[in-house]
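Residue-level listing of the chains:
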Amino acid sequence: MQCALLAAQEAAAAGEVPVGAVLVDSNNAILAQAGNRCIRDHDPSAHAEMVVIRRAAALLRNYRLPGCRLYVSLEPCIMCAGVCVQARIESIVFGTLDPKAGALQSCYQIGGDGLLNHRLVVRGGLLAEKSAALLHDFFRIRRLQNTRPQSR
């Protein structure tokens, strides 16, 4: 999770929402790590989770990633939870809950409700305070920047 937090900090430094993700294989070897890239890539699907899953799938030359574990600083959204099911990721460990869009525990239980053909093992709350602080600080600074008078 420390690597995911580092990727989130790098995303924030690039002006992206600070979410980071790391995908590891069954031997705990890192396959890919990234932060959000939506703004940089002009791609609404370039969430950190999507980026690492795409990179790992390309690396392994397989669209299925069984035995892999995803670490992500924020609870994944519906899109990211869905791709985890499609990729057959074994488990997801996330930092802080997302009460507005979280798809694993907060708003939905994708991959854990028994309605799909693959179940995700989910663990939330790992380094939750640090993950939440990154997000709060990022948006606090953004709000301050947006309320300052524009110089001429």
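Structural data are supplied above this passage.
Residues numbered from 1 in each chain as written. Predicted model: local features only at pLDDT ≥ 70, side-chain atom pairs only at ≥ 80, totals over all residues. Heavy atoms only, no water.

Undergrad: What am I meant to see in the pattern of salt bridges here?
TA: When the charged atoms of two side chains with opposite charge come close together, those side chains can pair. Under the definition given, this model contains four salt bridges. Arginine 40 serves as the salt-bridge partner of glutamate 16, at 3.4 Å between the closest nitrogen and oxygen. Placement of the pair is glutamate 16 in the loop between α1 (2-13) and β1 (20-24) and arginine 40 in helix α2 (residues 38-41), with a sequence separation of 24 residues. When its relative accessible area of 34% is taken as the criterion, arginine 40 is described as partly exposed. A salt bridge links aspartate 137 to arginine 140; the shortest N-O distance between them is 3.9 Å. One end of the pair is aspartate 137 and the other is arginine 140, both in helix α5 (residues 128-147) and three residues apart, which spans about a single turn. By relative accessible area, which is 40% here, arginine 140 ends up partly exposed. (Salt bridge = Lys/Arg side-chain N within 4 Å of Asp/Glu carboxyl O. Helix = DSSP H or I, 4+ residues; strand = E, 2+ residues; numbered from the N terminus. Buried < 20%, exposed > 50% of the residue type's maximum accessible area, 1.4 Å probe, protein only.)

Undergrad: Before we go on, may I ask you to explain the side chain of arginine 88 in this structure?
TA: The residue arginine 88 is located in the loop between α4 (78-87) and β4 (91-96) in this model. There is no salt bridge for the buried arginine 88, and the closest opposite charge comes from glutamate 90, which lies 12 Å off by N-O distance. At 2.9 Å, the side chain of arginine 88 and the backbone oxygen of valine 85 are in polar contact. Once residues lying within four places of it in the same chain are set aside, the contact partners of arginine 88 are Arg64, Leu65, Pro66, Gly67, Asn117 and His118. (Lys, Arg positive; Asp, Glu negative; His and termini not counted. Polar contact = N/O pair within 3.5 Å; in protein donor to acceptor, adjacent residues only side chain to side chain. Contact = heavy atoms within 4.5 Å.)

Undergrad: Got a minute to help me understand the pairing of strand β2 (residues 30-35) in this structure?
TA: Successive side chains on a regular strand alternate, one facing one side of the sheet and the next facing the other. Relative to β2, β1 runs antiparallel, the two being bridged by five bridges. Within β2, the residue paired with valine 22 across the bridge is glutamine 33. Taken together, β1 and the strand that follows it, β2, pair antiparallel across an intervening segment of five residues, in which asparagine 28 is found at a positive phi of about 65°. (Pairing = 2+ DSSP bridges.)

Undergrad: Would you take a moment to explain α1 for this structure?
TA: With 12 residues, α1 should reach 16 Å at 1.5 Å per residue; the first-to-last C-alpha distance of 17 Å fits that figure. Taken together, the buried positions of α1 are Ala4, Leu5, Ala7, Ala8 and Ala11. Looking down the long axis of α1, one finds its buried residues gathered within 160° of arc, a one-sided arrangement. Those residues of α1 that are exposed and aimed more than 90 degrees away from the buried face are Gln2 and Ala13. In the stretch just after α1, glycine 15 is the one whose phi turns positive, near 90°. (Expected span 1.5 Å × (residues − 1). Arc of directions from axis to C-beta.)

Undergrad: Would you mind showing me how to read the state of the cysteines here?
TA: Think of a disulfide as a covalent bridge from one cysteine sulfur atom to another cysteine sulfur atom. Throughout the structure, instances matching the rule amount to zero disulfides. The closest cysteine sulfur to the non-disulfide-bonded cysteine 3 is located on cysteine 68, 15 Å from its own sulfur. Judged by its relative accessible area of 32%, cysteine 3 falls in the partly exposed class. Free of any disulfide, cysteine 77 has its nearest cysteine sulfur in cysteine 80, 3.8 Å distant. For cysteine 77, a relative accessible area of 17% corresponds to the buried category. (Disulfide = S-S within 2.5 Å.)

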